[in-house]
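Observations on the three-dimensional arrangement
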Amino acid sequence: MEYFLQQLINGLTLGSIYGLIAIGYTMVYGIIGMINFAHGDIFMVGSFIALATFLALVAIGITALPLILFLTLLVSMLFTSAWGWTVERLAYRPLRGSFRLAPLITAIGMSIVLQNFVQITQGARVKPLPPQIQGGVTLIEGVTENGTIAVQLSYMQMIIIATTLALMIGFSLLISKTSLGRSQRACEQDQKMAALLGVNVDRTISLTFVMGAALAAVAGFMFLLLYGVIDFYIGFLAGVKAFTAAVLGGIGSLPGAMLGGLLIGLIEVFWSGYFSVEYKDVAAFSILVIVLIFMPSGLLGKPEVEKV
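Structure report, in brief. Note that the structure is predicted; figures quoted are calculated from it, not measured.

Before going further, it helps to examine empty space enclosed by the protein. Taken as a whole, this structure holds 1 cavity of 30 Å³ or more when the rule is applied. Each pocket or cavity is described by its volume, and for the largest cavity that value is around 60 Å³. Forming the boundary of the largest cavity are Gly24, Val28, Asn36, His39, Ile42, Gly84, Val87, Phe209, Gly212 and Ala213. Among the secondary structure elements, those contributing two or more residues to the lining of the largest cavity are α1 (2-32), α2 (39-59), α3 (65-92) and α8 (201-227). Grouping the constituent residues of the lining of the largest cavity by class yields 5 nonpolar, 5 polar and no charged.

On to the environment of Leu226. Residue position: Leu226 is located in helix α8. Between the alpha carbons of Leu226 and Ala150 there is a distance of 20 Å; along the sequence they are 76 residues apart. Leave out the neighbours within four places in its chain, and Leu226 touches Thr13, Ile17, Met156 and Ile160.

Right, let's talk about the side chain of Gln7 for a bit. Within the element layout of this structure, Gln7 appears in helix α1. Looking at Gln7, the relative accessible area reads 11%, which means it is buried. Filtering out sequence-adjacent residues up to four positions away, Gln7 remains in contact with Val269, Phe270 and Gly273.

With that out of the way, let us pick up the layout of surface pockets. By volume, the second largest pocket is sized at about 330 Å³. Along the walls of the second largest pocket sit 19 residues, with Tyr18, Phe223, Ile234, Leu237 and Ala238 positioned nearest its centre. Looking at the lining of the second largest pocket, the elements with two or more residues in it are α1, α8, β4 (229-230), α9 (234-249) and α11 (280-294). Broken down by element, the lining of the second largest pocket gets its largest block of residues, 6 residues, from α9. Among the residues forming the lining of the second largest pocket, the class breakdown is 15 nonpolar, no polar and 4 charged.

Another point: a nonpolar patch on the surface. Taken together, Met1, Tyr3, Phe4, Trp271, Tyr274, Phe275, Tyr279 and Val282 make up a surface patch of nonpolar side chains, about 880 Å² in accessible area. Sorting the residues of the nonpolar patch by element identifies α1 and α10 (254-274) as the ones contributing at least two each. Structurally, Trp271 can be placed in helix α10. Overall, the relative accessible area of 30% leaves Trp271 in the partly exposed class.

Rules and cut-offs
- Residues numbered from 1 in each chain as written.
- Predicted model: local features only at pLDDT ≥ 70, side-chain atom pairs only at ≥ 80, totals over all residues.
- Heavy atoms only, no water.
- 1 Å grid on protein atoms, 1.4 Å probe; cavity = no way out; pocket = protein on both sides within 12 Å on 5 of 7 lines; lining within 4 Å.
- Points joined across faces, edges and corners; volume = space filled by probe spheres on them.
- Helix = DSSP H or I, 4+ residues; strand = E, 2+ residues; numbered from the N terminus.
- Nonpolar A, V, L, I, M, F, W, Y, C, P; charged D, E, K, R; others polar.
- Contact = heavy atoms within 4.5 Å.
- Buried < 20%, exposed > 50% of the residue type's maximum accessible area, 1.4 Å probe, protein only.
- Patch = residues over 30% accessible without salt bridge, like charges linked within 9 Å, V, L, I, M, F, W, Y side chains within 5 Å.
- Areas by Shrake-Rupley, 256 points an atom, 1.4 Å probe, with all protein chains shown as cover.
- Salt bridge = Lys/Arg side-chain N within 4 Å of Asp/Glu carboxyl O.

Below, the structure written as structure tokens:
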């Protein structure tokens, strides 16, 4: 039981990071119906910006850890949001009225560009960061044949889970209660009619990309603090897992994206803990296929109704 609970905590932590990235996927798809395959690499860029900012703040003599972490997160979100806006403005907006395959190819191209840009500027070697937030609480202690086993919840895991829940609730309220959210929902239904009614479609889509990139920056920052090592390729793997989570939960649904992220994280961790770690990705994608066979719209997604 202790081992099961520890894996549950680890799975929820990993799934929370996947869920944050998945929200960015589902927000963009919900408005313009396009999968932004460069979003995973925006997450990777955010983690590198966070690492560079952290090292720069330490180098100039700032020693208060809470202040360093706050400034690092703020700078990472600002610069990563600027990256997201630039990608939308240069790569996606000119192709918005084109056939649907063109933006998809462009998204894959932008992913490759971002990967190679970071590889050239930062190098191909992994970048380490020593643990900054240590300690935690022991929930349960048990005695087994091999000795004492304890279920621990680290402070870093608490921060990740709490931050993810707060951001999901905040963005859900933003979309349902604010004027920007109403503009986003209007663009989702009919961009031309929304423009005729006074909605600035270009600004709404750009802000959606900016918000998704900011969430990716938060996920990249927490990934850096949790694992302490990053490289230029983490965006591809995390992006594929987050996209899988968005589809599993129901693409276009924010709670569905978070639910899908948690499920993918739990499947990976439990499969690695009880079976072979080499096949954890196979297990995750197999569950996705099974769910989509019986629920084509995902767990919380709504089937599209085409009006004629």
